[in-house]
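Understanding the architecture of this molecule
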Amino acid sequence: LFSLCLIFCGVLATPDNMPGFWIFMYRLSPFTYLVSAMLSTGLAGTTVTCEAVEYLSFNTPGNQTCQNYMSSYISANGGYLLNPSATSDCQFCTMSSTDTFLAQVVSYFSDAWRNFGLMWVYIAFNIVAAVGVYWLARVPKGKMVSK
(Lines give C-alpha, C1' and ligand atoms only; values in the text may rest on other atoms or scores of the structure.)
Protein backbone atom coordinates (compact mmCIF):
# COMPACT_ATOMS: atom_id res chain seq x y z
CA LEU A 1 0.00 0.00 0.00
CA PHE A 2 2.85 2.37 0.82
CA SER A 3 4.38 1.93 -2.64
CA LEU A 4 1.01 2.67 -4.26
CA CYS A 5 0.88 5.93 -2.31
CA LEU A 6 4.32 6.85 -3.65
CA ILE A 7 3.38 5.99 -7.22
CA PHE A 8 0.09 7.88 -7.25
CA CYS A 9 1.08 10.91 -5.18
CA GLY A 10 3.52 12.06 -7.83
CA VAL A 11 6.81 11.28 -6.14
CA LEU A 12 7.71 8.47 -8.51
CA ALA A 13 5.42 9.62 -11.32
CA THR A 14 5.23 13.36 -11.89
CA PRO A 15 2.01 15.09 -13.06
CA ASP A 16 3.42 15.38 -16.59
CA ASN A 17 3.45 11.58 -16.83
CA MET A 18 -0.08 11.01 -15.51
CA PRO A 19 -3.39 10.78 -17.36
CA GLY A 20 -6.11 13.31 -16.50
CA PHE A 21 -7.89 11.52 -13.65
CA TRP A 22 -4.68 10.69 -11.82
CA ILE A 23 -3.61 14.34 -11.89
CA PHE A 24 -6.81 15.04 -9.94
CA MET A 25 -5.86 12.31 -7.45
CA TYR A 26 -2.30 13.66 -7.27
CA ARG A 27 -3.64 17.08 -6.24
CA LEU A 28 -6.17 15.56 -3.83
CA SER A 29 -3.82 13.22 -1.96
CA PRO A 30 -2.37 14.60 1.29
CA PHE A 31 0.58 12.25 0.82
CA THR A 32 1.70 14.37 -2.16
CA TYR A 33 2.11 17.41 0.06
CA LEU A 34 3.64 15.48 2.96
CA VAL A 35 6.34 13.84 0.83
CA SER A 36 7.01 17.07 -1.07
CA ALA A 37 7.44 19.01 2.18
CA MET A 38 9.76 16.40 3.67
CA LEU A 39 11.86 16.10 0.50
CA SER A 40 12.21 19.82 -0.07
CA THR A 41 12.99 20.60 3.57
CA GLY A 42 15.53 17.80 3.88
CA LEU A 43 17.30 18.08 0.53
CA ALA A 44 17.02 21.64 -0.79
CA GLY A 45 20.06 23.82 -1.28
CA THR A 46 22.72 21.13 -1.08
CA THR A 47 25.64 20.83 -3.48
CA VAL A 48 26.04 17.51 -5.27
CA THR A 49 29.48 15.99 -5.78
CA CYS A 50 29.63 13.09 -8.21
CA GLU A 51 31.68 9.98 -7.57
CA ALA A 52 34.27 8.99 -10.18
CA VAL A 53 31.98 6.42 -11.81
CA GLU A 54 29.13 8.94 -12.15
CA TYR A 55 30.90 11.35 -14.49
CA LEU A 56 30.07 11.23 -18.20
CA SER A 57 33.24 11.30 -20.29
CA PHE A 58 33.38 12.73 -23.82
CA ASN A 59 35.66 14.56 -26.23
CA THR A 60 34.81 17.95 -27.70
CA PRO A 61 34.67 18.51 -31.45
CA GLY A 62 37.51 20.61 -32.82
CA ASN A 63 39.75 22.52 -30.45
CA GLN A 64 37.01 23.71 -28.08
CA THR A 65 37.40 23.58 -24.33
CA CYS A 66 34.91 21.54 -22.34
CA GLN A 67 33.46 24.77 -20.92
CA ASN A 68 32.92 26.37 -24.36
CA TYR A 69 31.30 23.22 -25.69
CA MET A 70 28.98 22.59 -22.72
CA SER A 71 28.18 26.12 -21.47
CA SER A 72 24.76 26.45 -23.14
CA TYR A 73 23.74 22.94 -22.06
CA ILE A 74 24.84 23.52 -18.46
CA SER A 75 23.02 26.86 -18.24
CA ALA A 76 19.80 25.20 -19.47
CA ASN A 77 19.99 21.87 -17.63
CA GLY A 78 22.44 22.22 -14.77
CA GLY A 79 25.39 20.06 -13.92
CA TYR A 80 29.10 20.83 -13.81
CA LEU A 81 32.37 19.96 -15.47
CA LEU A 82 35.23 18.41 -13.54
CA ASN A 83 37.81 19.78 -15.98
CA PRO A 84 36.31 22.86 -17.73
CA SER A 85 39.54 24.05 -19.40
CA ALA A 86 40.44 20.66 -20.96
CA THR A 87 40.08 20.11 -24.71
CA SER A 88 39.68 16.32 -24.51
CA ASP A 89 38.45 13.74 -22.03
CA CYS A 90 35.84 16.10 -20.56
CA GLN A 91 34.08 14.83 -17.45
CA PHE A 92 30.56 16.03 -16.80
CA CYS A 93 28.31 15.49 -13.76
CA THR A 94 24.62 15.86 -14.64
CA MET A 95 23.63 17.33 -11.29
CA SER A 96 25.29 20.14 -9.36
CA SER A 97 22.55 20.82 -6.82
CA THR A 98 19.84 18.83 -5.10
CA ASP A 99 17.41 21.50 -6.30
CA THR A 100 17.77 20.00 -9.80
CA PHE A 101 16.54 16.65 -8.51
CA LEU A 102 13.72 18.28 -6.54
CA ALA A 103 12.56 20.14 -9.66
CA GLN A 104 12.36 16.82 -11.52
CA VAL A 105 9.91 15.47 -8.92
CA VAL A 106 8.01 18.81 -8.69
CA SER A 107 9.08 19.55 -5.12
CA TYR A 108 10.28 23.05 -4.22
CA PHE A 109 11.53 24.46 -0.93
CA SER A 110 9.43 27.58 -1.49
CA ASP A 111 6.29 25.40 -1.15
CA ALA A 112 7.24 23.93 2.24
CA TRP A 113 5.03 26.24 4.36
CA ARG A 114 2.13 25.89 1.94
CA ASN A 115 2.43 22.11 2.21
CA PHE A 116 2.57 22.34 6.01
CA GLY A 117 -0.64 24.42 6.01
CA LEU A 118 -2.37 22.00 3.64
CA MET A 119 -1.60 19.12 6.02
CA TRP A 120 -3.45 21.01 8.79
CA VAL A 121 -6.37 21.59 6.40
CA TYR A 122 -6.54 17.83 5.75
CA ILE A 123 -6.42 17.10 9.50
CA ALA A 124 -9.19 19.61 10.27
CA PHE A 125 -11.34 18.30 7.41
CA ASN A 126 -10.96 14.70 8.62
CA ILE A 127 -11.97 15.65 12.17
CA VAL A 128 -15.04 17.55 10.96
CA ALA A 129 -15.98 14.76 8.54
CA ALA A 130 -15.61 12.06 11.23
CA VAL A 131 -17.79 13.98 13.69
CA GLY A 132 -20.32 14.69 10.93
CA VAL A 133 -20.57 11.05 9.85
CA TYR A 134 -20.87 9.97 13.50
CA TRP A 135 -23.68 12.49 14.05
CA LEU A 136 -25.53 11.31 10.92
CA ALA A 137 -25.15 7.61 11.68
CA ARG A 138 -25.28 7.35 15.48
CA VAL A 139 -27.14 10.32 16.97
CA PRO A 140 -30.88 9.66 17.15
CA LYS A 141 -33.07 12.03 15.15
CA GLY A 142 -36.69 12.96 15.62
CA LYS A 143 -38.92 12.41 18.63
CA MET A 144 -38.14 9.66 21.02
CA VAL A 145 -41.28 7.95 22.22
CA SER A 146 -40.95 6.31 25.61
CA LYS A 147 -43.30 3.51 26.65
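Structure: see above.
Here's a quick rundown of the structure. None of the values given here were measured: they were computed from a predicted structure. (Residues numbered from 1 in each chain as written. Predicted model: local features only at pLDDT ≥ 70, side-chain atom pairs only at ≥ 80, totals over all residues. Heavy atoms only, no water.)

Before going further, it helps to examine the overall build of the chain. Counting its regular elements, the chain contains six helices and three strands. When the helices and strands of the chain are read in sequence order from the N terminus, they spell out α-α-α-β-α-β-β-α-α. Considering only contacts within the chain whose residues lie at least 6 apart along the sequence, 58% involve residues at least 24 apart. Summed over its atoms, the accessible surface of the chain is roughly 10300 Å², and 65% of this surface lies on carbon and sulfur atoms. (Helix = DSSP H or I, 4+ residues; strand = E, 2+ residues; numbered from the N terminus. Contact = heavy atoms within 4.5 Å. Areas by Shrake-Rupley, 256 points an atom, 1.4 Å probe, with all protein chains shown as cover.)

Bridging between strand S1 (residues 56-58) and strand S3 (residues 90-93) involves three bridges; their strand directions are antiparallel. Of the residues in S3, the one forming a bridge with serine 57 is glutamine 91. With two bridges joining them, strand S2 (residues 80-81) and S3 adopt antiparallel strand pairing. Its bridge partner being in S3, leucine 81 is matched across the sheet by phenylalanine 92. (Pairing = 2+ DSSP bridges.)

Another aspect to go through is helix H4 (residues 66-77). Helix length check: H4, at twelve residues, gives a terminal C-alpha distance of 16 Å against a target of 16 Å (1.5 Å per residue), a fit within 8%. Taken together, the buried positions of H4 are Cys66, Met70 and Ile74. The arc that holds the buried residues of H4, viewed along the axis, is 55°, so those residues lie on one side. Opposite its buried face, H4 presents the exposed residues Asn68, Ser72, Ser75 and Ala76, each directed more than 90 degrees away. Elements in contact with the buried residues of H4: S1, S2 and S3. Backbone geometry just downstream of H4 places glycine 78 in the positive-phi region, at approximately 85°. (Expected span 1.5 Å × (residues − 1). Buried < 20%, exposed > 50% of the residue type's maximum accessible area, 1.4 Å probe, protein only. Arc of directions from axis to C-beta.)

Following the criterion strictly, the structure yields one salt bridge and no others. Put simply, aspartate 111 and arginine 114 hold a salt bridge, and the shortest N to O gap is 4.0 Å. For aspartate 111, a relative accessible area of 22% translates into the label partly exposed. A relative accessible area of 44% means that arginine 114 is categorised as partly exposed. (Salt bridge = Lys/Arg side-chain N within 4 Å of Asp/Glu carboxyl O.)

What follows deals with the state of the cysteines. Under the definition given, this model contains two disulfides. In this model, cysteine 50 is linked to cysteine 93 through a disulfide, with the two sulfur atoms separated by 1.6 Å. Handedness of the cysteine 50-cysteine 93 disulfide follows from its S-S torsion of about 45°: it is right-handed. One end of the pair, cysteine 50, is in the loop between helix H3 (30-43) and S1; the other, cysteine 93, is in strand S3, and 43 residues separate them in sequence. Taking the relative accessible area as the measure of exposure, cysteine 50 reaches 13% and is therefore buried. Here the disulfide map of the chain reads 1-4, 2-3, the bonded cysteines being numbered as they appear in the sequence. (Disulfide = S-S within 2.5 Å.)

All right, on to the packing of H3 against helix H6 (residues 112-138) then. Remark: H3 packs on H6, axes separated minimally by 9 Å, with the N-to-C direction vectors making an angle of 145°. Here H3 and H6 pass one another in a crossing that is left-handed. Counted together, Pro30, Tyr33, Leu34, Ser36, Ala37, Ser40 and Thr41 of H3 and Ala112, Arg114, Asn115, Leu118, Met119 and Tyr122 of H6 form the full contact between these two elements. The class makeup of the residues in the contact of H3 with H6 is eight nonpolar, four polar and one charged. (Axes fitted to C-alpha atoms, helices over the stretch in contact; angles between N-to-C directions. Left-handed = near helix turned anticlockwise from the far one by under 90°. Nonpolar A, V, L, I, M, F, W, Y, C, P; charged D, E, K, R; others polar.)

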